[in-house]
Amino acid sequence: MRLNKVHHIAIIASDYARSLDFYTGVLGLSIISENYRPERDSYKTDLALNGNYIIELFSFPNPPARLSHPEATGLRHLAFEVDDINKAVEELDAKGIDHEQLRTDEYTGKRFIFIQDPDGLPIEFYEK
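Treat the numbers as computed from the prediction; the structure is a model and nothing was measured.

A. How the structure looks around the sheet that holds strand β8 (residues 122-127). Strand order across the open sheet formed by four strands is β5-β8-β7-β6, with mixed pairing between neighbours. With partners counted over all chains shown, the strands left at the sheet margins are β5 (78-82) and β6 (103-104), one partner each. In the sheet, β6 pairs with strand β7 (residues 111-116) via two bridges, with the strands oriented antiparallel. Within β7, the residue paired with T104 across the bridge is R111. In the packing of helix α2 (residues 85-94) onto the sheet, the strands contacted are β5, β7 and β8, and the crossing angle to β7 comes to about 25°.

B. Seen up close, the nonpolar core. With 25 residues, the main nonpolar core has Y23, L27, I55, L57, I115, I123 and F125 as its most contacted residues. When contributions to this core are tallied by element, the ones reaching two or more residues are β1 (9-13), α1 (16-26), β4 (52-59), β5, α2, β7 and β8. The element contributing the most residues to this core is α1, with five residues. Beyond its immediate sequence surroundings of up to four residues, L27 is in contact with F22, F80, I115, I123 and F125.

C. The arrangement of α2 in detail. Of all the residues in α2, the buried ones are I85, A88, V89 and L92. Projected down its long axis, α2 shows its buried positions confined to an angular sector of 100°, all on one face. More than 90 degrees from the buried face of α2, the exposed residues found are E90 and A94. Lining the buried residues of α2 we find β5, β7 and β8. Two or three places before N86, at the opening of α2, D84 has a side-chain oxygen 2.9 Å from that residue's backbone nitrogen. Two residues or fewer past α2, G96 is found with a positive phi of approximately 70°.

D. Local environment of the side chain of E127. Take E127: it is sitting in strand β8. By relative accessible area, E127 is classed as buried at 15%. Ignoring anything within four residues of it in the chain, the contact list for E127 reads V82, D83, D84, I85, K110 and R111.

E. Molecular detail of the pattern of salt bridges. If you walk through the whole model with that rule in mind, you get six salt bridges. Salt-bridge contacts for E127 lead to R111; the nearest nitrogen and oxygen are separated by 3.1 Å. Separated by 16 residues along the polypeptide, E127 in strand β8 and R111 in strand β7 bring together distant segments of the chain.

About the criteria used
- Residues numbered from 1 in each chain as written.
- Predicted model: local features only at pLDDT ≥ 70, side-chain atom pairs only at ≥ 80, totals over all residues.
- Heavy atoms only, no water.
- Pairing = 2+ DSSP bridges.
- Helix = DSSP H or I, 4+ residues; strand = E, 2+ residues; numbered from the N terminus.
- Contact = heavy atoms within 4.5 Å.
- Axes fitted to C-alpha atoms, helices over the stretch in contact; angles between N-to-C directions.
- Core = buried A, V, L, I, M, F, W, Y, C linked by side-chain atoms within 4.5 Å.
- Buried < 20%, exposed > 50% of the residue type's maximum accessible area, 1.4 Å probe, protein only.
- Arc of directions from axis to C-beta.
- Polar contact = N/O pair within 3.5 Å; in protein donor to acceptor, adjacent residues only side chain to side chain.
- Salt bridge = Lys/Arg side-chain N within 4 Å of Asp/Glu carboxyl O.

Any functional reading would require information beyond the geometric quantities listed.
As structure tokens, this is what we get:
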């Protein structure tokens, strides 16, 4: 089997409107399509980064909470590459988004930080 690329990442939000605002307003992703599925009482929204489809954002009635943080079984974190980590930190600060202290990857020497989405999903910004 030959894989071409990661097609998308699916995220279930506990508060769909809040998470949609975070992924579009804070992270700057754009909505490709937003669909409400009445039979599931659920939204499925496709989000893009620089025109590339990357995230499916879902809502479901009463989804269970994440059991532990961040080392729960399953998705550990979502990482985005940034050109300048200092600029990313400044932008997060300007938007009032809490973040961890700047760290350096011991293997690559690259700098990175973590924030959390509205449901506590760890999101990493990793310097190019």
